[in-house]
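For reference, the chains in residue letters:
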Amino acid sequence: MEFLIITGLSGGGKSQAADIIEDLAFYCVDNMPAALIPRFAELCTAAEGRYDKVALVADVREKNGVDEIFDALNTLKDMGVGYKILFMEAENPVIVKRYKESRRPHPLSRKGDSIADSIEREKGLMQPVRNAADFIVNTSHLTLGQLQNTLYTLFSGDSKERPITVNVMSFGFKYGIPMDADLVFDVRFLPNPFYIEELRSHSGLDSDVRDYVFSFPQTRGFMDRLSDMISFLLPQYIEEGKYSLTIGIGCTGGRHRSVAIAAALGEALRADGVNVASINRDMNRG
């Protein structure tokens, strides 16, 4: 069993770390009292493989919190449960700013204390835990995407293992642009099969319509450039922490050109190993 203790300074990013690590198939529990950690480990062990990866968030909100953390860690050792410690921290001004924005009191605040006083007190208490940590992550200057990359690299071996789902959606401009689209491409510049009598009742999923659309050099040139652009953009979106991307491909009615282009783009992305969902929003309208 892989057992991870997430701890650190209040306002350092423990809960955000737990949210990210949960996406790596860890079973996560926030605000676990340190005294209960060994008992929880027993339950996970008794589950016989149901909980192979467990992450617990623990802090020092209670008076003897640090002592209890070390007591719990010693008990885990006696139980033969291996563990790692992830310590989350940030610079004092950053933590002060975060608490002012959240308008919540620091858990170690005392009457007459400033937030900075509480932070210094907690840093002193947590120093032994920090010294024992296997990983220390300072979130002061990390975007959410950068924090995700850091934790994915630490606990999966490769930040690029983070999946992204691409929704490729064809649509008709006359029915409106999809509100959830991240990128929108207008293919109304392509010759329209609607004006070919034998193609009008067919859709871009039919081979005759698709063959017609792709018989033009401007279609093939557009597809080459579109595929190159999306291949370039996907790693950038992953780097910034995006989990899904919706690409809208629009023509006039959303039945012929946009459907054919969206299908071709989806096939190209799947061939590159991308998780793709295809949506033809307006193909059967009107």
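Residues numbered from 1 in each chain as written. Predicted model: local features only at pLDDT ≥ 70, side-chain atom pairs only at ≥ 80, totals over all residues. Heavy atoms only, no water.

1. As for the overall build of the protein
Now for step 1: For the protein, the count of helices and strands is 9 helices and 9 strands.
Now for step 2: Here the C-alpha radius of gyration of the protein, 26 Å, is well above what a compact globule of 286 residues would show, namely 19 Å.
Now for step 3: With the C-alpha coordinates of the protein rotated into their principal frame, the extents come out at 80 × 45 × 30 Å.
Now for step 4: Looking at the protein residue by residue over its 286 residues, the buried ones come to 46%.
Now for step 5: Taken as a whole, the protein presents about 14,700 Å² of accessible surface, with 50% of it coming from carbon and sulfur.
Now for step 6: Between the mean site of the 32 positive side-chain charges and the mean site of the 39 negative ones, the protein shows a separation of 6 Å. (Helix = DSSP H or I, 4+ residues; strand = E, 2+ residues; numbered from the N terminus. Rg over C-alpha atoms; globule rule 2.2 N^0.38 Å. Buried < 20%, exposed > 50% of the residue type's maximum accessible area, 1.4 Å probe, protein only. Areas by Shrake-Rupley, 256 points an atom, 1.4 Å probe, with all protein chains shown as cover. Lys, Arg positive; Asp, Glu negative; His and termini not counted. Charge placed at Lys NZ, Arg CZ, Asp CG, Glu CD.)

2. Overview of the packing of helix α2 (residues 37-46) against helix α3 (residues 65-79)
To describe two helices that pack against each other, one gives the angle between their axes and the distance between the axes.
Now for step 1: The geometry of α2 relative to α3 is characterised by a closest axis approach of 8 Å and an angle of 30° between their N-to-C directions. When the interaxial angle is binned, α2 and α3 end up roughly parallel. Along the contact surface, α2 presents I37, P38, A41 and E42, while α3 presents A72, T75, L76 and M79. (Axes fitted to C-alpha atoms, helices over the stretch in contact; angles between N-to-C directions. Parallel < 35°, antiparallel > 145°, perpendicular 65-115°, else oblique. Contact = heavy atoms within 4.5 Å.)

3. Quick look at the sheet that holds strand β4 (residues 83-89)
Now for step 1: Strands sit in the order β2-β3-β1-β4-β5 across an open sheet of 5 strands; the sheet is parallel. Pairing within the sheet leaves two strands with one partner each, and these edge strands are β2 (27-29) and β5 (135-138). The average angle at which neighbouring strand axes cross in this sheet is 20°, direction not considered.
Now for step 2: Sheet topology places strand β1 (residues 2-8) next to strand β3 (residues 53-57); 5 bridges connect them, and they run parallel. Of the residues in β3, the one forming a bridge with I6 is V57. (Pairing = 2+ DSSP bridges.)

4. Notes on the pairing of β3
Now for step 1: For β3, the buried fraction is high: 4 of the 5 residues fall into the buried class.
Now for step 2: Here 3 bridges tie β2 to β3, and the two strands are oriented parallel to one another. Paired with V29 across the bridge in β3 is L56.
Now for step 3: Regarding the hand of the β-α-β motif, the stretch spanning β2, α2 and β3 is right-handed. (Right-handed = clockwise from strand over helix to strand, strands pointing away.)

5. Quick notes on the state of the cysteines
Now for step 1: A full pass over the atoms with the stated rule returns 0 disulfides.
Now for step 2: Take C28: it sits in no disulfide, and the sulfur closest to it among the cysteines is that of C44, at 11 Å.
Now for step 3: Judged by relative accessible area, which is 18%, C28 ranks as buried.
Now for step 4: Note on C44: relative accessible area 3%, which makes it buried. (Disulfide = S-S within 2.5 Å.)

6. Observations regarding a negative patch on the surface
Now for step 1: Among the surface-exposed residues, D19, E22, D23 and D30 lie close enough to one another that they form a single negatively charged patch.
Now for step 2: Structurally, D30 is set in the loop between β2 and α2. (Patch = residues over 30% accessible without salt bridge, like charges linked within 9 Å, V, L, I, M, F, W, Y side chains within 5 Å. Salt bridge = Lys/Arg side-chain N within 4 Å of Asp/Glu carboxyl O.)

7. Details of the side chain of E89
Now for step 1: Looking at the secondary structure, you find E89 in strand β4.
Now for step 2: A polar atom in the side chain of E89 sits 2.7 Å from the side chain of R130.
Now for step 3: Apart from the residues lying within four places of it in its own chain, the contact partners of E89 are L9, G12, R130, I136, V137, N138, T139 and S140. (Polar contact = N/O pair within 3.5 Å; in protein donor to acceptor, adjacent residues only side chain to side chain.)

8. Structural notes on the nonpolar core
Now for step 1: Ranked by size, the top nonpolar core spans 31 residues in total, and within it F3, I37, F40, L56, L73 and L76 carry the most contacts.
Now for step 2: Considering each element in turn, this core owes the most residues, 5 residues, to α3.
Now for step 3: For I37, the residues in contact, after removing those within four places along its chain, are F3, I5, M32, L56, A58, A72 and L76.
Now for step 4: Listed in part, the 30 residues of the second largest apolar core include I164, V168, L183 and F222. (Core = buried A, V, L, I, M, F, W, Y, C linked by side-chain atoms within 4.5 Å.)

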